[in-house]
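Single-letter residue listing:
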Amino acid sequence: MSTTTPAAPRNTPPGPTALNTGSRRRGLEWFGFKMSGRGKSRMDPTRNNTAAGIAAWLLALLFVAPVLWMVLTSFHAETDAATNPPSVFAPLTLDAYAQFFGASSGVSPWPPLINSATASVLSTVLVLVLAIPAAYALSIRPIKKWTDVMFFFLSTKMLPIVAAVLPLFLFAKTIGGLDNIWFLILMYTSMNLPIAVWMMRSFLAEVPVEMLEASQIDGAGLLLTLRAVVAPVAMPGIAATALICFIFSWNELLLARVLTGVMAGTAPVFLTGFVSSQGLFLAKVCAAAVVISLPVLFAGFAAQDKLVQGLSLGAVK
């Protein structure tokens, strides 16, 4: 009986499908993808994180570059600051800061800075005192048609502030509120209250209901519950709301420009006084902007952890 010996396999070149698969695999790996055993592509996490980090740094430099340019310009002389193209390596000087603090004019910036601090801090405190109970009633103890109330608060922010300047001016003139810091505090409180209620409502909605029920069983009243139970849990949200209201009040210019004069003028109004149609003023304006921005920067760095926690509260379930 004869047996048939199988023929040895011939070394055939890979077909077009194998070549395409290999080149596709190498191409995907070059772009950061890795092929799994079944041919499925997955992104290399190391290369993906590197690309995301580079993009984040570029975006951060894009936002920080104008601020760094403003700081650099504030240390230049007026003639160097006004050159075109700008003199990047011009000699550094503190003349602009000396003029801001009244070395040549004798005008002190401290009264406007104190007015801005007073109006911003007091209005922020009033906003929190009014917004926390309102947000508690709209979130933890919801009332009927609470969504209509929230949208009414939001609708007040849709009115352009320019449309309300003339009525507010006439009202302030009637009651003697022109150039009065207390009337400006009232305006800042009403300006920031709607957004504070919206923010605090979302923050207080994350407070566990079980904690409130336990406090009620222990006999705690509303004020004690807000102070001892709700406030510690929602402290990141309270800090974020307070910081945003403080920044909005500190940076506000239009109302302060119209409703104040000499006694109640704020720092942004004082800053606009350096802009002139005659002479050079770019270095002085940059120096004033740097000094006026420092309180907001210090407040942001001091409450950085609370701000991040508050703005991200409820983002991840």
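Presented here is an overview of the structure given in this document. (Residues numbered from 1 in each chain as written. Predicted model: local features only at pLDDT ≥ 70, side-chain atom pairs only at ≥ 80, totals over all residues. Heavy atoms only, no water.)

Quick word on unusual backbone geometry
Phase 1 of the analysis: The residue after Asn84, namely Pro85, is reached through a cis peptide bond having omega 5 degrees.
Phase 2 of the analysis: Along the chain, the position of Pro85 falls in the loop between helix H3 (78-81) and helix H4 (95-100).
Phase 3 of the analysis: For Asp179, which is not glycine, the phi dihedral falls at a positive 55 degrees.
Phase 4 of the analysis: Structurally, Asp179 can be placed in the loop between helix H7 (161-175) and helix H8 (181-204). (Helix = DSSP H or I, 4+ residues; strand = E, 2+ residues; numbered from the N terminus.)

So, the environment of Ala240
Phase 1 of the analysis: If you trace the backbone, Ala240 turns up in helix H11 (residues 235-251).
Phase 2 of the analysis: When its relative accessible area of 0% is taken as the criterion, Ala240 is described as buried.
Phase 3 of the analysis: Along the chain, Ala240 and Ala303 lie 63 residues apart, while their C-alpha atoms are 7.9 Å from each other. (Buried < 20%, exposed > 50% of the residue type's maximum accessible area, 1.4 Å probe, protein only.)

Considerations on the packing of aromatic side chains
Phase 1 of the analysis: Taken as a whole and judged by the stated rule, the model has 10 aromatic pairs.
Phase 2 of the analysis: Taking 6.3 Å as the distance between ring centres and 50 degrees as the angle between the ring planes, the aromatic pair formed by Phe152 and Phe153 counts as tilted.
Phase 3 of the analysis: A relative accessible area of 52% means that Phe152 is categorised as exposed.
Phase 4 of the analysis: Judged by centre distance (6.1 Å) and plane angle (40 degrees), the rings of Phe171 and Phe183 are tilted. (Phe/Tyr/Trp six-rings, centres within 6.5 Å; stacked < 30°, edge-to-face > 60°.)

Comments concerning the nonpolar core
In summary, soluble globular proteins display a tendency toward joint burial of nonpolar side chains.
Phase 1 of the analysis: Within the largest apolar cluster, 18 residues are counted, with the highest numbers of intra-cluster contacts made by Ile132, Tyr136, Ile140, Met200, Leu204 and Val230.
Phase 2 of the analysis: Mapped onto this core, the elements with two or more residues apiece are helix H5 (110-139), H8, helix H10 (222-233) and H11.
Phase 3 of the analysis: Apart from residues lying up to four places away in sequence, Met200 is in contact with Ala131, Ile132, Ala135, Gly237, Ile238 and Thr241.
Phase 4 of the analysis: The next biggest cluster of nonpolar side chains, apart from the first, holds 12 residues, and it includes Phe270, Val285, Ala287 and Val290. (Core = buried A, V, L, I, M, F, W, Y, C linked by side-chain atoms within 4.5 Å. Contact = heavy atoms within 4.5 Å.)

Quick notes on the packing of H11 against helix H14 (residues 282-302)
Phase 1 of the analysis: With their axes 11 Å apart at the nearest point, H11 and H14 run at an angle of 175 degrees to one another. In terms of orientation, H11 and H14 fall into the roughly antiparallel class. Each of Leu243, Phe246, Ile247 and Trp250 in H11 lies in contact with H14, whose residues at this interface are Ile292, Pro295, Val296, Ala299 and Gly300.
Phase 2 of the analysis: Its residues assigned to classes, the contact of H11 with H14 comprises 8 nonpolar, 1 polar and no charged. (Axes fitted to C-alpha atoms, helices over the stretch in contact; angles between N-to-C directions. Parallel < 35°, antiparallel > 145°, perpendicular 65-115°, else oblique. Nonpolar A, V, L, I, M, F, W, Y, C, P; charged D, E, K, R; others polar.)

As for the pattern of salt bridges
Phase 1 of the analysis: Counted under the stated rule, the structure contains 1 salt bridge.
Phase 2 of the analysis: Between Lys284 and Glu78 there is a salt bridge, with its nearest N and O atoms 3.4 Å apart. Highlighted residues: Lys284 in helix H14 and Glu78 in helix H3, separated in sequence by 206 residues.
Phase 3 of the analysis: Classification of Glu78 by relative accessible area gives buried; the value is 16%. (Salt bridge = Lys/Arg side-chain N within 4 Å of Asp/Glu carboxyl O.)

Description of the environment of Ala117
Phase 1 of the analysis: Topologically, Ala117 is positioned in helix H5.
Phase 2 of the analysis: In this structure the C-alpha to C-alpha distance between Ala117 and Ser249, which are 132 residues apart in sequence, comes to 9.1 Å.

Observations regarding the packing of H8 against H11
Phase 1 of the analysis: Between H8 and H11, the shortest axis-to-axis distance is 10 Å and the interhelical angle comes to 155 degrees. Overall, the two elements H8 and H11 adopt an arrangement that is roughly antiparallel. Here H8 runs over H11; the crossing is right-handed. In this structure, H8 contributes Tyr188, Met191, Asn192, Ile195, Ala196, Met199, Met200 and Phe203 to the contact, and H11 contributes Gly237, Ile238, Ala240, Thr241, Ile244, Cys245, Phe248 and Ser249.
Phase 2 of the analysis: Here the contact of H8 with H11 is built from residues that sort into 12 nonpolar, 4 polar and no charged. (Left-handed = near helix turned anticlockwise from the far one by under 90°.)

Overview of the side chain of Ser215
Phase 1 of the analysis: With respect to the helices, strands and loops of the structure, Ser215 is situated in helix H9 (residues 209-217).
Phase 2 of the analysis: Here Ser215 falls in the buried class, since its relative accessible area comes to 8%.
Phase 3 of the analysis: Ignoring anything within four residues of it in the chain, the contact list for Ser215 reads Ala220, Thr225 and Val229.

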